[in-house]
Amino acid sequence: MKPASSSPPAGGPGTTRGHAEASPASEPAPPRFAVVANPENRRVALFGQAVRAAGLPAPRVVSWADVLRCHGADFAADEIVRVDSPGENADVDRVLRGAQDPTRVEGSARWYAGFVAAVRSLRGGIRLDHPEDLATLFDKRLCHGVLHAAGVPVPASPTSGPRGRPVRGWDDVRASMREHRMARLFVKPAHGSSASGVLAVEAGGGGRIRATTSVELAADGGLYNSLRVRRYERERDIAAIVDALAPDGLHLERWLPKASQDGRAADLRVVVVAGRATHAVVRTSRSPLTNLHLGGRRGDLDTVREAVEAAGARWTDLLGVCERAAACFPRTLCVGVDLLPAVGWRRAAVGEVNAFGDLLPRLTGLPGSGAEGLDTYAAQVAALSSFTQHRTGTPHA
């Protein structure tokens, strides 16, 4: 089968730079890149810019639509293959999730099965994202179990790991809240992203219950993603949402009180490239959901560092927690770690590890990271030689 591609391969065997008489032995061919992505997505443009800025040939783009239609794609043995997000494309989402309306929340289990199968159908190349790492990263239960087993601080969870407690509906959530004394917890779709379907649940005296979420519960019982965070205070509404999400798989985590900045709850997205924390952004919100597309705001990183040092902790130790989380996935070049600083800024836990957590346009590297002046994509290109020197290919499932 020929590679599915929306553009011709860049370079080729024996291609050289410089004078025509230069031989491959004196000047080897530059690295060749391929990106599996939705070609129109800005992620593709940003990575392509970083590759070209390094003086390398533009990546070959292999569309997710072609991969799904052709049941895979082929790559040359020396082609460096980056897998990027299949999101933000209604047609690809329809194939993976089976939903006609891309704003629907349900269907994440089908999406996960389709995505993992598609990743495993990619053949050849030097992979920057290992298929089994991606399968774990997109199952919050498995990812939490891997982190916990490695000693990475994470919120307590009864659903962690392959032997975690199954959640069949709201009754199981209520039972876990009682048994584990979790009056406040997060209920997360196991295969969700961008806070889709996440509920921050709080139980109070007198049987009171409240859930904060971006889910819109329609009159017909359908669940829709919304850019407006809302609160549900009737248990029957919360139960209806959880019961509708449960068939796709749910992950429960204790809600840890987070540090604050300017009176707003704060956490951090830290990008780790080739094992090193290179970029960080502070996210603040008046709601438990700090995602920037849900009304969260970027906070001030220098203020965070000062708060950490003033508390008697070390900023490098917080970054070290993120690097320990990324070390659980050594066959993947880059991950985005959601770091949850505790009240007082002395300690932190890892909320999630994101396979596609590097979309932070115009953000340059942390001082001392080796990525100063580089955005997240340029930092990955700069780290490729050390990452790939021990990789001659990725085994296929």
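Let us look at the structure shown here. (Residues numbered from 1 in each chain as written. Predicted model: local features only at pLDDT ≥ 70, side-chain atom pairs only at ≥ 80, totals over all residues. Heavy atoms only, no water.)

Considering the pattern of salt bridges
Now for step 1: One pass over the structure, following the stated rule, counts 28 salt bridges.
Now for step 2: Notably, a salt bridge pairs Arg82 with Asp84, separated by 3.2 Å at the nearest N-O pair.
Now for step 3: Judged by its relative accessible area of 1%, Asp84 is buried.
Now for step 4: Residues Asp267 and Lys258 are paired through a salt bridge, measuring 3.1 Å at the closest nitrogen-oxygen approach. (Salt bridge = Lys/Arg side-chain N within 4 Å of Asp/Glu carboxyl O. Buried < 20%, exposed > 50% of the residue type's maximum accessible area, 1.4 Å probe, protein only.)

A closer look at helix 1 (residues 42-53)
Now for step 1: Under the 1.5 Å per step criterion, the end-to-end length of helix 1 is 16 Å for 12 residues, consistent within 8% with the ideal 16 Å.
Now for step 2: Among the residues of helix 1, Arg43, Val44, Leu46, Phe47, Gly48, Ala50 and Val51 are the ones counted as buried.
Now for step 3: Buried residues in helix 1 make contact with strand 1 (32-37), strand 2 (60-63), strand 3 (73-83) and helix 11 (376-388).
Now for step 4: Measuring from the backbone nitrogen of Arg43 back to the side-chain oxygen at the start of helix 1 gives 2.9 Å, which picks out Asn41 as the cap. (Helix = DSSP H or I, 4+ residues; strand = E, 2+ residues; numbered from the N terminus. Expected span 1.5 Å × (residues − 1). Contact = heavy atoms within 4.5 Å. Polar contact = N/O pair within 3.5 Å; in protein donor to acceptor, adjacent residues only side chain to side chain.)

Notes on the sheet that holds strand 8 (residues 223-232)
Strand pairing in a sheet relies on backbone hydrogen bonds. The paired strands run either parallel or antiparallel.
Now for step 1: Reading across from one edge, 8-7-6-5-9 is the order of the 5 strands in this open sheet, with antiparallel pairing throughout. Of all the strands in the sheet, just strand 8 and strand 9 (250-254) have a single pairing partner and so form its edges. Each strand axis lies, on average, 25° off the axis of its neighbour in the sheet, ignoring direction.
Now for step 2: In this sheet, strand 8 lies alongside strand 7 (residues 209-217) in antiparallel orientation, the contact comprising 6 bridges. Considered in strand 8, the bridge of Thr212 is made with Arg231.
Now for step 3: The strands touched by helix 8 (residues 235-245) are strand 5 (184-189), strand 6 (199-203), strand 7, strand 8 and strand 9; relative to strand 7, the strand with the most contacts, the crossing angle is about 55°. (Pairing = 2+ DSSP bridges. Axes fitted to C-alpha atoms, helices over the stretch in contact; angles between N-to-C directions.)

Some thoughts on the sheet that holds strand 1
Now for step 1: The strand order across the open sheet formed by 4 strands is 2-1-3-4, and the pairing between neighbours is parallel. Strands at the two margins of the open sheet, each flanked by one partner only, are strand 2 and strand 4 (122-127). On average, each strand axis in the sheet is tilted by 50° relative to the strand beside it, whichever way the strands run.
Now for step 2: The pairing of strand 1 with strand 2 spans 4 bridges and is classified as parallel. In the sheet register, Val36 faces strand 2, and the bridge partner there is Val62.
Now for step 3: Helix 1 contacts strand 1, strand 2 and strand 3 of the sheet and is inclined by roughly 170° relative to strand 1.
Now for step 4: In this fold helix 11 packs onto strand 1, strand 3 and strand 4, with an angle of close to 135° to the strand it touches most, strand 3.

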